[in-house]
Amino acid sequence: MKLIFILISFYSSTIFAEDIYWVHLKAETKQQRNQLANIIHIDQYIDGKIYSTVNEFDYNNLKINAPELLIESHKIENISTNRALVGDEVFEFPKGEEKFHTYAEANKVLQDLTTANPDIAEFITIGETHEKRKINGIRITHKKNRSSKNFIPGILFLGTHHAREHISTEVPIFLAKYLVENYKASENIRKLVDSRDIYIIPIINPDGALYDIKSRSYKMWRKNRRKIKRRTYGVDLNRNYGFEWNTGGSSSNPRSDVYHGKHPFSEPESIAVKDFVESKSNLRVMLSFHTYSELILYPWGHKNDPIGGREEEVFKKMAKDMSKWNGYTPQSSSDLYIASGDTCDWAFGEHGIFCFTFELSPKTYGEGGFYPGARYIDVVNQANLKPMLYLIDKTMNPYQVID
Ligand code: 0X9
Ligand code: ZN
């Protein structure tokens, strides 16, 4: 009897996944969009309508605070019925999705690339997560640059701040492989690698990304895995950066999917990015990958005002140039909706770095949303190769695009 009781209490305290709801909302005006961004995370905005996948807490909040905007909704069955068993340490993507890199597989790719190509690649670790996983990456530049006194312009690519956005791990891994593997054969790549300092960190949030695939079922998880209290986990890392933090489009409730954390840079993952960026004075350009919607976003995200000046022209021209290759829509982040505490507002606002957010494919929820399937990997990688090489090239002097 006692044993049964222990077993029941063990499982009830370890089995946990919230229900997830699909919602379709009316948001014809920007004011409505911003009102909603204070309550939920917005997956997609199209023709005056918003579509999103929200957790139970945000869904209930929506029903209380914006019922007039809720057109239709339903519980996502195959997600909510998949309950997570905490403690299961074997990580693999769900059946048919194995082509996606798990955290361990991503680390192995980075490790193998550096071991086989020590002249141009170096394995880096920028910090540790709540669950003590290392946040790893790769530095690609000719080794002579590591000790050079000359200025070598730097660029930083970041993937997977948001757990469920797994394609945003794939594109930076693909870039790392492409640069290293084409160094000898391609003169263009060789020139870039010899004259730029390229940093690629494919998974900022490994705890969240692994949680999202635990027991080989997707959980629609977004945040990191900070334990706040029993059954309440996670800070939205893209609301936790310390520039105009908590000034709109984020929540102070830990149960919300857009919870901004206790204070700016309260999370080890965002601190790791901050410390890294601040330790590299040569960084001029950044690109943070997210999914989905097919957008190229640039600051500001926390307010509607344009950034103005020559910098705005640079952002717009670069975004437009890149959109020719991937077909994504270029716009300022706040054109989409106001959200404060994101990576790029901080990188640009605090350090003047030309920082873009790509919302990778697919374009719509109907095409799979966060989980479009492994067949998207090659397509998305290829679509974004030229934009990434362009950014590496322009890192020498971003202003050249308008001069
Ligand atoms: O909301 C986000 O953090 C990003 N979208 S996602 O679907 N990947 O979660 C977009 C951030 C863009 N920034 C602002 N609107 N400030
Ligand atoms: Zn995201």
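Just so you know, these numbers come straight off a predicted model, no measurement behind them. (Residues numbered from 1 in each chain as written. Chains lettered and ligands numbered in written order. Predicted model: local features only at pLDDT ≥ 70, side-chain atom pairs only at ≥ 80, totals over all residues. Heavy atoms only, no water.)

Details of the pattern of salt bridges
Reasoning step 1: Here the structure, examined in full by the defined rule, presents 23 salt bridges.
Reasoning step 2: Salt-bridge contacts for K191 lead to E187; the nearest nitrogen and oxygen are separated by 3.4 Å. In this pair, K191 and E187 are both assigned in helix α8 (residues 187–195), 4 residues apart and thus about one turn of the helix distant.
Reasoning step 3: In this structure, a network of salt bridges that share partners links the residues E122, R139, R146 and D197. (Salt bridge = Lys/Arg side-chain N within 4 Å of Asp/Glu carboxyl O. Helix = DSSP H or I, 4+ residues; strand = E, 2+ residues; numbered from the N terminus.)

With respect to the sheet that holds strand β12 (residues 295–298)
Reasoning step 1: One open sheet accounts for 8 strands, arranged β5-β6-β8-β7-β11-β14-β12-β13; its pairing is mixed. Of all strands in the sheet, those with a lone pairing partner are β5 (121–128) and β13 (329–332), marking the two edges. Neighbour to neighbour, the strand axes of the sheet diverge by 20° on average, direction disregarded.
Reasoning step 2: Against the sheet, helix α7 (residues 167–181) touches β5, β6 (134–140), β7 (154–158), β8 (197–201), β11 (283–291) and β14 (354–360), its axis set at about 135° to β11.
Reasoning step 3: Across the face of the sheet, helix α10 (residues 268–279) comes into contact with β5, β6, β7, β8 and β11 while running at roughly 130° to β5. (Pairing = 2+ DSSP bridges. Axes fitted to C-alpha atoms, helices over the stretch in contact; angles between N-to-C directions. Contact = heavy atoms within 4.5 Å.)

Observations regarding the environment of G208
Reasoning step 1: Relative to the assigned elements, G208 resides in helix α9 (residues 206–213).
Reasoning step 2: Once the C-alpha coordinates of G208 and G234 are considered, the two residues, 26 residues apart in sequence, prove to be 8.5 Å apart.
Reasoning step 3: Each residue touching G208, except ones within four places of it in the same chain, is listed here: A163, W221, K223 and R225.

Some details on the packing of helix α5 (residues 103–116) against α7
Reasoning step 1: Running from N to C, α5 and α7 cross one another at 15°; their axes reach a closest spacing of 11 Å. Classed by the angle they form, the pair α5 and α7 counts as roughly parallel. Along this stretch, α5 crosses α7, giving a crossing that reads as left-handed. Every residue of α7 that contacts α5 at A106, V109 and L113 is listed here: I173, A176, K177, V180 and E181.
Reasoning step 2: Looking at the contact of α5 with α7 residue by residue, the class counts come to 6 nonpolar, no polar and 2 charged. (Parallel < 35°, antiparallel > 145°, perpendicular 65-115°, else oblique. Left-handed = near helix turned anticlockwise from the far one by under 90°. Nonpolar A, V, L, I, M, F, W, Y, C, P; charged D, E, K, R; others polar.)

Here's the deal with the state of the cysteines
Reasoning step 1: Counted according to the given criterion, the structure contains 1 disulfide.
Reasoning step 2: Paired by a disulfide, C344 and C355 hold their sulfur atoms 2.1 Å apart. In this structure the cystine formed by C344 and C355 twists about its S-S bond by roughly -60°; its chirality is therefore left-handed. With C344 in helix α13 (residues 343–351) and C355 in strand β14, this residue pair connects regions lying 11 residues apart in the sequence. Each of the two residues, C344 as well as C355, counts as buried. (Disulfide = S-S within 2.5 Å. Buried < 20%, exposed > 50% of the residue type's maximum accessible area, 1.4 Å probe, protein only.)

Thoughts on α8
Reasoning step 1: By the burial criterion, the buried members of α8 are I189, L192 and V193. Each buried residue of α8 lies within a common arc of 95° when the element is viewed along its axis, so the set occupies one face. In α8, the exposed positions angled more than 90 degrees off the buried face are occupied by E187 and K191.
Reasoning step 2: Its buried side turned inward, α8 meets β6, α6 (143–146), α7, β8 and α14 (376–394). (Arc of directions from axis to C-beta.)

So, the coordination of the zinc ion (ligand 2)
Reasoning step 1: Protein-derived ligands of the zinc ion (ligand 2) are H162 (ND1), E165 (OE), E165 (OE) and H290 (ND1), with the metal-ligand distances lying across 2.0 to 2.3 Å.
Reasoning step 2: Mapping the donors of the zinc ion (ligand 2) onto the primary sequence gives the spacing H-x2-E-x124-H. On the criterion of sequence distance, the pair formed by H162 in the loop between β7 and α7 and H290 in strand β11 is long-range, its members being 128 residues apart. As far as the burial class goes, H162 and H290 line up, both buried. (Donors = N, O, S within 2.8 Å, 3.2 Å for Na, K, Ca; no water.)

Topic: the domain arrangement of the chain
Reasoning step 1: Under the domain assignment used here, the chain contains domain 1 (14–77) and domain 2 (103–401).
Reasoning step 2: Each of domain 1 and domain 2 was reduced to a C-alpha centroid, and the two centroids are 25 Å apart.
Reasoning step 3: Between domain 1 and domain 2, the residue contacts involve 23 residues of the former and 27 residues of the latter.
Reasoning step 4: Interface area for domain 1 against domain 2, summed over the two sides, is near 2200 Å², with a carbon-plus-sulfur share of 50%.
Reasoning step 5: Counting across the domain 1 and domain 2 interface gives 1 salt bridge.
Reasoning step 6: With a closest N to O distance of 3.5 Å, K30 and D335 form a salt bridge.
Reasoning step 7: Where domain 1 meets domain 2, there are 14 residue pairs in polar contact (both at pLDDT 80 or more).
Reasoning step 8: Counting residues per element, the ones that place at least two in the side of domain 1 that touches domain 2 are β1 (20–26), α2 (30–37), β2 (44–46), β3 (49–55) and α3 (56–65).
Reasoning step 9: Top element by residues in the side of domain 1 that touches domain 2 is α2. It accounts for 4 residues. (Domains from an automatic or database assignment. Buried area = accessible area lost by both parts, 1.4 Å probe. Polar contact = N/O pair within 3.5 Å; in protein donor to acceptor, adjacent residues only side chain to side chain.)

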